[in-house]
Amino acid sequence: MVKGYFSLVLHAHLPIFSHQQTGSLADCSLFAAISETYIPLLWQLEKKEITKDFTLAFSTPLMEMLADPLLQTKYLQYLYNTEYFLKKKAEIVQNIEGFQQVESYTKRIERMRKTFLQYDQNLLKGFRHFAEEEKVVCICSSATHAFLPYLHTEAGIAAQIHHGIKAFMKHFGYKPIGFWLPECGYSPEIDQILFAEGIRYTFVDELAIKHAAPSPANGVPIASPHGIILFPLNMKVSNQKNKKLLHSQRFINLIKNQLQLNETNSQSNFLIVATVAADLLGHRWSEGLGWLTEVLKSGKNEIGFITAEEYLASYLQNIETAHVSSSALDVLLNKKNSWLYPKLHWIESDLLQLVANYTEVKINNEHERCLKQMAREWMLATSSDWAFMLTQDHTNEYANKRILEHLTRYQQLRDMLIKNELSAEVLARYEAEYPFLVEIDLAYFQSKQVGFINQQLKKSQILIRKKTILMLAWEYPPKIVGGLARHVAGLAKALSNNHCEVHIITTAVTGSPNYEKANGVHVHRVKSLQPLANDFYHWVGSLNLAFCDYVLQLANTIQFDLIHAHDWLVCVAAKALKLQFKLPLVATIHATEHGRNNGIYTPLQKKISHKEWELTYEAAKVIVCSKYMRAEVMKVFQLPIDKIEIIANGVENEKVVENTSSWKQNYGTENDIYIFSVGRMVEEKGFQTIIDAAPSIRQRHPKVKFIIAGKGPLLEDYQSQVVAKGLANTVYFIGFIDDQLRNEILHSCDICLFPSYYEPFGIVALEGMMAQKPTIVSETGGLAEIITHNETGLTIFPRDVQSLIIQVVTCIENQSLASRIAENGKKLVTTKFNWNNISKETVSVYDDVISYMEV
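Residues numbered from 1 in each chain as written. Predicted model: local features only at pLDDT ≥ 70, side-chain atom pairs only at ≥ 80, totals over all residues. Heavy atoms only, no water.

A cluster of basic residues, K47, R108, R111 and K297, forms a positive patch at the surface. By secondary structure assignment, the location of K297 is in helix α11 (residues 288-299). (Patch = residues over 30% accessible without salt bridge, like charges linked within 9 Å, V, L, I, M, F, W, Y side chains within 5 Å. Areas by Shrake-Rupley, 256 points an atom, 1.4 Å probe, with all protein chains shown as cover. Salt bridge = Lys/Arg side-chain N within 4 Å of Asp/Glu carboxyl O. Lys, Arg positive; Asp, Glu negative; His and termini not counted. Charge placed at Lys NZ, Arg CZ, Asp CG, Glu CD. Helix = DSSP H or I, 4+ residues; strand = E, 2+ residues; numbered from the N terminus.)

Turning next to the packing of helix α3 (residues 69-92) against helix α4 (residues 96-118). Where α3 meets α4, the axes come as close as 10 Å, and the angle between the chain directions of the two elements is 160°. Overall, the two elements α3 and α4 adopt an arrangement that is roughly antiparallel. Between α3 and α4 the crossing geometry is left-handed. Contacts between α3 and α4 involve Q72, Y75, L76, L79, Y80, T82, E83, L86, K89 and A90 from the first element and F99, V102, Y105, T106, I109, E110, M112, R113, F116 and L117 from the second. (Axes fitted to C-alpha atoms, helices over the stretch in contact; angles between N-to-C directions. Parallel < 35°, antiparallel > 145°, perpendicular 65-115°, else oblique. Left-handed = near helix turned anticlockwise from the far one by under 90°. Contact = heavy atoms within 4.5 Å.)

Most of strand β7 (residues 229-233) sits inside the fold, with five of its five residues counted as buried. Covered by surrounding structure in β7 are I229, F231 and L233 together with L230 and P232, the residues of both alternating faces. Pairing of strand β5 (residues 201-205) with β7, which is carried by five bridges, proceeds in the parallel orientation. Of the residues in β7, the one forming a bridge with T202 is L230. One ladder, built from two bridges, connects strand β6 (residues 222-223) with β7; its direction is antiparallel. Residue pairing for β7: A223 is matched across the bridge by I229. (Buried < 20%, exposed > 50% of the residue type's maximum accessible area, 1.4 Å probe, protein only. Pairing = 2+ DSSP bridges.)

Here we come to helix α16 (residues 396-418). The terminal C-alpha atoms of α16 lie 33 Å apart, and with 23 residues this matches the ideal 33 Å at 1.5 Å per residue to within 8%. The positive-phi residue at the C-terminal boundary of α16 is N420, with phi of around 55°. (Expected span 1.5 Å × (residues − 1).)

It is worth spelling out the nonpolar core at this point. Counting 135 residues, the largest nonpolar core has F6, L10, F58, F127 and F445 as its most contacted members. Per-element accounting of this core gives the leading share, 10 residues, to helix α1 (residues 25-46). Residues contacting F6, with those up to four places away along its chain left out, are V237, F251, I255, L271, I272, A274, I303, G304, F305 and I306. Listed in part, the 42 residues of the second largest apolar core include V540, I608, V633 and I644. (Core = buried A, V, L, I, M, F, W, Y, C linked by side-chain atoms within 4.5 Å.)

The omega angle of the peptide bond from P477 to P478 is 10°, so this bond is cis rather than trans. Following the sequence through the fold, P478 ends up in the loop between β10 (467-472) and α18 (483-496). Phi is positive for Q121, which is not a glycine, with a value near 70°. The residue Q121 is located in the loop between α4 and α5 (123-132) in this model.

Moving on: the pattern of salt bridges. When their charged atoms lie close together, side chains carrying opposite charge are able to pair. One pass over the full model with this rule turns up 31 salt bridges. The partner of E377 in a salt bridge is R409, and the shortest N-O contact between them spans 3.8 Å. Of this pair, E377 sits in helix α14 (residues 365-381) while R409 sits in helix α16; the two residues are 32 residues apart in sequence, bridging distant segments of the chain. You'll find E377 and R409 in the same group, each marked buried. Its salt-bridge partner being E618, residue K578 comes within 2.9 Å of it at the nearest N-O pair. Linking K578 in helix α20 (residues 571-581) with E618 in helix α22 (residues 603-618), this pair joins segments that are 40 residues apart in sequence. Owing to a relative accessible area of 14%, E618 belongs among the buried residues under this scheme. Here the salt bridges do not stand alone but share partners, grouping E377, R402, E405, R409 and E433 into one network.

This paragraph deals with the side chain of T689. Locating T689 in the fold gives a position in helix α24 (residues 687-700). Within the local environment of T689, its side chain forms a polar contact with the side chain of Y757, the two groups lying 2.9 Å apart. Aside from chain neighbours lying at most four places away, what touches T689 is Y757, R799, D800, V801 and L804. (Polar contact = N/O pair within 3.5 Å; in protein donor to acceptor, adjacent residues only side chain to side chain.)

The subject of this paragraph is the sheet that holds β10. Spatially, the eight strands line up as an open sheet ordered β12-β13-β11-β10-β14-β15-β16-β17, and their pairing is mixed. One side of each edge strand has no neighbouring strand; the edge strands of this open sheet are β12 (515-518) and β17 (644-646). Taken pair by pair, the neighbouring strands of this sheet meet at an average axis angle of 25°, ignoring direction. Both strand β16 (residues 621-624) and β17 contribute to a ladder of three bridges, which runs parallel. Looking at β17, one finds that V624 is bridged to I646. Contacting β10, β11 (500-507) and β13 (521-526), helix α19 (residues 536-554) crosses the sheet at an angle of about 140° to β11.

What follows is the structure, given as structure tokens:
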């Protein structure tokens, strides 16, 4: 027997259907799954040779349907009808072969009926029995099989997880320690919620583990920061077993081969975990259960079977802790279903707000009943089934119907609630049609992030009062030093279209007016009190004093609701104005001094880091642009997680004039290959890697041209290196360029390249993707969260010259790949990183902190 283990997980799920859909797709799917998968699976468990060899993960919708008395009665009638049909068919069969076939199927139906009645028409009792006999490990999943990373709030995730566990306890009588993440969707905040609910292990996509930090040993589970053991699913094995005609021995040999690859390693706890949809074993593959039996029976002599729980009992002490990033599925977020998520997110936020409001005023029973049904409608609408079915032509119509049904019902119930026109008849009808999760705990729909904005309930049709925002930012167009200026400009413009009056206080720029209103934003440019100061830190201090003086005068005519400060350079003014006017303060941290320098080493760095900490301390909420940055500010400034909000950067689709390629004549010909990069000329932007990689790339592709724009302290050094290394006709550091030229190059270059060593977000990558260019980025910080390798872009290892060479050459030589990632990148940016959505998320943060101040 080869060294190592194999663990098999069967995932049992069907979307929940309406009681009114008699004889529909609903009945057909459920009854076929019962007849061809779940009853035969119980027969398999009755056999002595199967002893705790696999894990069975039940989804809540499937459990609720299997335990539903009406559906049980309908299924029993379905069996009787089938028996009657077979009896009539036997009377008219003309040959012995046909008669034997009918007789065989009749006996099978009779056996199904006996088994169904044996467990009181509730098959869950059978699986519970075999779980108690330790022939199988049964675990649970979320409330409606929602893809948890795509939910909008941690409260929503907690509600899905809690109600899924609660439903399992109702049907199985015990609390599981394992949890099946729908579609293996994981994000860092999920582990804390699972641990608080008593869950100790789950399963994730192997790519999520592969990119964990620190990098784990291959084929070994890891522990999340909050102690959830994450078992990686081996996709090579999982994908193989889904091929319907795969012979059981071939499957066993595949596992053996995978295990043997590890035998040279001394690692005794090497593990392969594979998953298969339970209804594939019978319902969608008639030979599936026979295949399972043969794999379990024949494989015992060749490979070691183990469940996740048995593995933990033996090797828990060897499991190391690592940080795991989010996982995502393109099939659940694409052009066919991306419209769905903003609607679901609005309902989720609205539901949390309504629960908070009504809880505050001590709701009566009818109000509570209505809110619980609204929660059910939201849960049912968030099922991952609909997003997947929207992508399939034969199920698209049904998915649209179900989504519309639940969204419409939510709105109807909401109107009834707000108008205090509750209808017991409507509530009873909705509750009866989808008899799902009888017990809803509204406490799980309350969140620290939900502010009690008004004592009166708001109606969605009423225009929200404009908020007046005082925004502090040391750079703003046309003064552009880094990505902060573009971020503030894009956000302010979008906020002005979202019920906010935004006043930007920023640095004076020669040639620009001291005050102007542009794109709906009030821009106030203020001169530093020491404009010629040689020491930048002292210049910043005097700029803050000038900001304070200016705002004190401005406040005589304008009443502000909130201060929004961007980075440490405005900390002094933000703190002083907060105290002076007793206003709530929100701070956006775009980067940290610790992160930029990989530590704090000089007195100046220490001063800057302290100002960053001070700003985060004074702020009611701290906004960061990525999960990477959230982890960084938590570590560096010791911030509590509930003080931090993640709101991504956005990008606008800039209009570009015709003849955008005229700039090329300065560097080469129209037929050359142009690779564009832009950023501050500082070490963390990684431009040194381009210089080091350029000779090898030029040797293979002599027509390649690297165009690198931006200014900064290392510009002259980089330019000198280019000359010294004979790269003057290949690598061009062109200094600062205006927005017009920048956009022209973005839209007419061949490849965008951003090889940063440290990048909290990487708005330039979004701009390259928006221009529909194949974009190559370092797999670091926020960039790693934006781009999926080979799908929406290409990734390289930071500081790795060979990695950069490989991906640039790949992008040049594989034009079909380059075109595909460019198209996918544009789609991603257009749907996910647009300023309108980002401004709405920002306004939600404003509402929270303003309401907190008012209470």
